[in-house]
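Analysis of the macromolecular model
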Amino acid sequence: MLTGSETQSQAAPAAAHAAELSVIIPCYNERGNVGPMVAQLAAALGGIAWEAIFVDDDSPDGTSDVARAIAVTDPRVRCIRRIGRRGLSSAVIEGILSSSAKYFAVIDGDRQHDETRLPEMLRMLREDGADVVVASRFADGGDAAGLSSAWRYRLSTVGISLVHKLLPVKLTDPMSGFFAGRRDLFEQTAPSLTGQGFKILLDYLLSTKTPPVVREIGATFRPRVEGESKLSILVIVQFGALLLDKLFHGMVPLRFMSFAGVGFVGLIIHYLVLMLSLSSGITFGLAQTGATLVAMLTNFQLNNAITYRDMKLKGSRLWRGLVEFMLVCGIGAAANIGIARMLYYQNDGVIWPGLLGAAIGLVWNYAVSSTLVWRARRR
Ligand code: GDD
Ligand code: MN
């Protein structure tokens, strides 16, 4: 608690700038877009007290250096540089939580979104009682011109129809990455967010305690002029995972589902390698050893690329992680076999001891991998 005199002595200087609107800009390898983005925002937001917060995941192209260089002379601009982390949604969450303005807006850092819509979006929050305003490519006045190909367009429409099965409010563009809202409501909802993947708006709308008042506004999605899209097959997988997580009300951790899925793929690989080696005349012992090693290696790579994508191990840490992962899985396998054998000799069945052994091995592998092999911010 601050005492009266403390508040007084800490009173802000008269020139301090308090923003009403925080514009959150997730960016990764957008070096060439940062400067023009600030200029475009400044042109669009005349008469509004705004600030821009770039959230960069330590882009190799030095995006945050450019943002910081602008921030040195422009107090409306800030930059958060996250190290060892990746993800559009989680970047947006951190950006919003770092702000204290009454309203926030989220906009891509590649200038594909039409920033001239921002004043109207802010007005709808201020005056129309909206909790969230979504800039839609498919509402009146909107345009999806920037979707680079027919398959991107198709992907978008398939995604939207899937989402409509879950979403409490009907929106023409629930997959939009351009929206604005009240920070207090976001703050309340933040602990329930999944923070996975690209679709922070969807995550948000599926996580609020009571359905928010959502309004739409048409906006053009422009083609990209500078840099490259970061949409990949992984992002699409993460989108599926987000929907699953919300379907199960967050009861099963996404990481666990991914880890189990990878484990299942590992089983298939193990079986294939085993069969292939046996058919080429290798002894069973050798074939089984080879299959185990191949399955462990692919599982490690898949988990590193998908399950723990946001804390991917690289360089020497990758090798250390691999050795640790193999040790962990070795112990997991021993526990699996031990428990299954014990149950098998106590009862007659085969299926239950087998499944229980595998389940315990899986939980062990997951728990220890998550705390030992892929620790956050490990050096
Ligand atoms: N910090 C951070 N970390 N930023 C990221 C990351 C990341 O891992 N991945 C992407 N970004 C930034 C990009 O630099 C860009 O400014 C913005 O997020 C959008 O990424 P793009 O790679 O340009 O996405 P897109 O054009 O394919 O997809 C857009 O369209 C979707 C609608 O179909 C995005 O706006 C989505 O948010 C939107 O939903
Ligand atoms: Mn883009």
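For the structure itself, look to the data block above.
The sections below set out a description of the structure shown in this document. (Residues numbered from 1 in each chain as written. Chains lettered and ligands numbered in written order. Predicted model: local features only at pLDDT ≥ 70, side-chain atom pairs only at ≥ 80, totals over all residues. Heavy atoms only, no water.)

Most of strand 5 (residues 132-136) sits inside the fold, with five of its five residues counted as buried. In strand 5, alternate side chains face the same way, and those of V132, V134 and S136 on one face and V133 and A135 on the other are all buried. Where strand 5 lies against strand 6 (residues 179-182), three bridges are found, and the strand directions are antiparallel. By the bridge assignment, V132 is partnered in strand 6 with G181. (Buried < 20%, exposed > 50% of the residue type's maximum accessible area, 1.4 Å probe, protein only. Helix = DSSP H or I, 4+ residues; strand = E, 2+ residues; numbered from the N terminus. Pairing = 2+ DSSP bridges.)

What follows covers the packing of aromatic side chains. One pair of aromatic rings is described through two measures. These are the centre distance and the angle between the planes. Tallied over the full model, the rule gives ten aromatic pairs. Taking the centre distance of 5.1 Å and the plane angle of 75° together, the rings of F256 and Y366 count as edge-to-face. Here Y366 lies in helix 13 (residues 351-373) and F256 lies in helix 10 (residues 254-279), a separation of 110 residues in the sequence. Residues F300 and F325 carry aromatic rings whose centres are separated by 5.5 Å and whose planes lie at 50° to one another, so their mutual orientation is tilted. A residue pair is termed long-range when its members are at least 10 positions apart, and F300 in helix 11 (residues 284-307) and F325 in helix 12 (residues 315-346) qualify at 25 residues. There is no split in this pair, since F300 and F325 are both buried. Within the aromatic cluster, the residues linked to one another by ring pairs are F104, F179, F186 and Y204. One cation-aromatic arrangement involves R86 over Y28; the distance from NZ or CZ to the ring centre is 3.6 Å. The residue whose ring lies beneath R137 is F221, and the NZ or CZ to ring-centre distance is 5.4 Å. (Phe/Tyr/Trp six-rings, centres within 6.5 Å; stacked < 30°, edge-to-face > 60°. Lys NZ or Arg CZ within 6 Å of the ring centre and 35° of its normal.)

It is worth spelling out the coordination of the manganese ion (ligand 2) at this point. At this site the manganese ion (ligand 2) is bound by D110 (OD) and Q112 (OE1), with donor distances of 2.0 Å. Each member of the pair, D110 as well as Q112, is classed as buried. (Donors = N, O, S within 2.8 Å, 3.2 Å for Na, K, Ca; no water.)

Counting residues in each nonpolar core, the largest one holds 33 residues, and the members touching the most others are V132, L167, F179, L202 and Y204. Elements with a contribution of two residues or more to this core: strand 2 (50-56), helix 4 (88-97), strand 4 (103-106), strand 5, helix 6 (150-163), helix 7 (183-189), helix 8 (200-205) and helix 9 (233-247). At five residues, the largest contribution of residues to this core is made by helix 8. L202 has contacts with V163, L167, P174, F239, L242 and L243, leaving out every residue within four places of it along the chain. (Core = buried A, V, L, I, M, F, W, Y, C linked by side-chain atoms within 4.5 Å. Contact = heavy atoms within 4.5 Å.)

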